[in-house]
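Tertiary structure, described
Residues per chain, in single letters:
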Amino acid sequence: MSGSPVWHPFTQHALEPAMKRIVRTEDAYLIDEDGTRILDAISSWWVITHGHRHPAIMEAIRRAAESYDQVIFAEYTHAPAEELARGLIEIAPAGLEHVFYSDSGSTAVEVALKMALGYFHNIGAPRSRVSVMEHSYHGDTIGTMSVGERGVFNAAYEPFLFAVDRLPFPEAGREQQTLDAFEAFCASGQVAALIVEPLILGAGGMKIYPAVVLAELKRIAERHGTLLIADEVMTGWGRTGTLFACEQAGIAPDILCTSKGLTGGALPLAATLCTAEIFDAHLSTDRCRTFFHSSSYTANPIACAAAVANLAVWKAEPVGGRIESLAAKHRHHLQRFGADPRFANVRQTGTIAALDLCVPAEGYLSEVGPRLRAFFRERRLLIRPLGNVIYLMPPYCVADADLDRAYEAIDAAAAAFSGGRL
Ligand SMILES: *Cc1c(COP(=O)(O)O)cnc(C)c1O
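Residues numbered from 1 in each chain as written. Predicted model: local features only at pLDDT ≥ 70, side-chain atom pairs only at ≥ 80, totals over all residues. Heavy atoms only, no water.

**Points about the site of the ligand**
Inspection of the region around the ligand gives W46, S104, G105, S106, Y137, H138, G139, E197, D231, V233, M234 and K260 as its neighbouring residues. A distance of 2.7 Å is found between an oxygen atom of the ligand and a side-chain nitrogen or oxygen belonging to S106. Note that an oxygen atom of the ligand is positioned 2.7 Å from one of the side-chain N or O atoms of K260. Within the complex, 83% of the 380 Å² of free accessible area of the ligand lies under protein. For the shell around the ligand, a count of residues per class yields four nonpolar, five polar and three charged. (Near = heavy atom within 4 Å. Polar contact = N/O pair within 3.5 Å; in protein donor to acceptor, adjacent residues only side chain to side chain. Areas by Shrake-Rupley, 256 points an atom, 1.4 Å probe, with all protein chains shown as cover. Nonpolar A, V, L, I, M, F, W, Y, C, P; charged D, E, K, R; others polar.)

See below:
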């Protein structure tokens, strides 16, 4: 890295080795400047669903680039955005009828929070609180950090984060405490929204909770007129086994955020879907009720065309079958770690598998994280543990032999690093 002016994300440049340049991506691989094929076992931070450079999506991008670059999205609209919005409404949980575009998961969440607060403001019954779940991650902007877990990542910004009500994570056997806490917060009549990552908390450590808890949270929210915001930025597009994770709870949120897999991971794009009720609260001859939000690159036509092509891939190809088969392979591999004392909390939801390596110092900043990364990197595997939490979330096209290799490496890593239970 010496000499490069680039400041990389979540990177301590004083400690990291020089970075290899990636010159090409293909299927489940990153190919570096030396021609080394690295298995992208975390889908380039969870965005690549089918595989890198899916031909139909890349072709749609090339075609859209013949007609468009960025187009202002106030005063004018365009076919890719219109077609995508209709397509999203068709496949999203029932009751979501409007689509607001932005350009990242964080902005999709910011939009969701503003929609919820704007809704109560505009109906003349303002509410001032937001409930969140412990260990959540919703992005790295000030607003999304406010609703996320507090810790070393945001200590410097703490004075600027707004206060929220935190539900305890629904640990097995203690689910009722989560529900009771939410009920108690709602009793104030001030909770505008509960924002949750459905079924699995990603960056917070791949923490999985049962769908029935989500269904109960929705019931409580409804009883108190509180809106449910489902942050499906990571869980969407098949990651948990269903297109959206909410489906497994049989619920429809009032607001749904989607981004990462929306374009199959090819281009940045996000969408916040909401009910007619929320849209209608902003619909008025009074301009003060306008939804005052925009990103410069809102609804980029080329990104929208990529997302339309992604929808077509879901319809034309056996994506569900690939997901099922990947989930079955995870299940098979995880069996061998279930009773292994070097690991704890062996778990899976759909295409995501995770397990905690038992080491003396746990937590995100434990030195084991970077050492594991280096260990995997030497084996041509991109695996980035969250502290001692090792997880695999590969693209759906991952080859059996590569998945075998990834699990072998996890086994080898445990032999090299595990200090046994404390
Ligand atoms: C990644 C992520 C975000 C933030 O998305 P960005 O595109 O990185 O801004 C928000 N919520 C969840 C659940 C995520 O996993």
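Here the narrative resumes, following the displayed structure.
**Some remarks on helix α12 (residues 400-417)**
Count 3.6 residues to each turn of an α-helix, and residues three or four apart come out pointing the same way. For α12, with 18 residues, the first-to-last C-alpha span of 26 Å sits near the 26 Å given by 1.5 Å per residue. Looking only at α12, the buried set comprises D402, L403, A406, Y407, A409, I410, A413, A414 and F417. The arc enclosing the buried residues of α12, seen along the axis, measures out at 155°, which places them on a common side. In α12, the exposed positions angled more than 90 degrees off the buried face are occupied by A401 and A415. (Helix = DSSP H or I, 4+ residues; strand = E, 2+ residues; numbered from the N terminus. Expected span 1.5 Å × (residues − 1). Buried < 20%, exposed > 50% of the residue type's maximum accessible area, 1.4 Å probe, protein only. Arc of directions from axis to C-beta.)

**Some details on the side chain of S131**
Tracing the chain through its elements places S131 in strand β5 (residues 129-133). Using a relative accessible area of 0% as the deciding quantity, one classes S131 as buried. Not counting residues within four places of it along the chain, the set of residues in contact with S131 comprises D165, F182, F185, V191, A193, L194 and I195. (Contact = heavy atoms within 4.5 Å.)

**Brief notes about the side chain of D40**
Mapped onto the fold, D40 is located in strand β3 (residues 37-40). Although buried, D40 forms no salt bridge, and the nearest oppositely charged side chain, R239, lies 8.3 Å from it. Of note is the side chain of D40, whose polar atom sits 3.0 Å from the backbone nitrogen of S43. Every residue in contact with D40, bar those within four places of it in the chain, is listed here: A28, Y29, L30, H52, L382, P394 and P395. (Lys, Arg positive; Asp, Glu negative; His and termini not counted. Salt bridge = Lys/Arg side-chain N within 4 Å of Asp/Glu carboxyl O.)

**Observations regarding the UniProt feature "binding site: pyridoxal 5'-phosphate" (unreviewed entry) in the protein chain**
As recorded in UniProt, the feature "binding site: pyridoxal 5'-phosphate" (unreviewed entry) lies at G105, S106, D231, S295 and S296. Within the secondary structure, G105 is located in helix α4 (residues 105-122). Not counting residues within four places of it along the chain, the set of residues in contact with G105 comprises V233, S259 and A270. Take S295: it is sitting in the loop between α8 (276-281) and α9 (301-316). Filtering out sequence-adjacent residues up to four positions away, S295 remains in contact with S102 and D103. (UniProt positions renumbered as here; feature names shortened; annotations may be inferred.)

**Describing the pairing of strand β1 (residues 22-26)**
Where β1 lies against strand β2 (residues 29-32), four bridges are found, and the strand directions are antiparallel. By the bridge assignment, E26 is partnered in β2 with Y29. The loop that links β1 with its antiparallel partner β2 comprises two residues; one of these, D27, has a positive phi angle of about 50°. (Pairing = 2+ DSSP bridges.)

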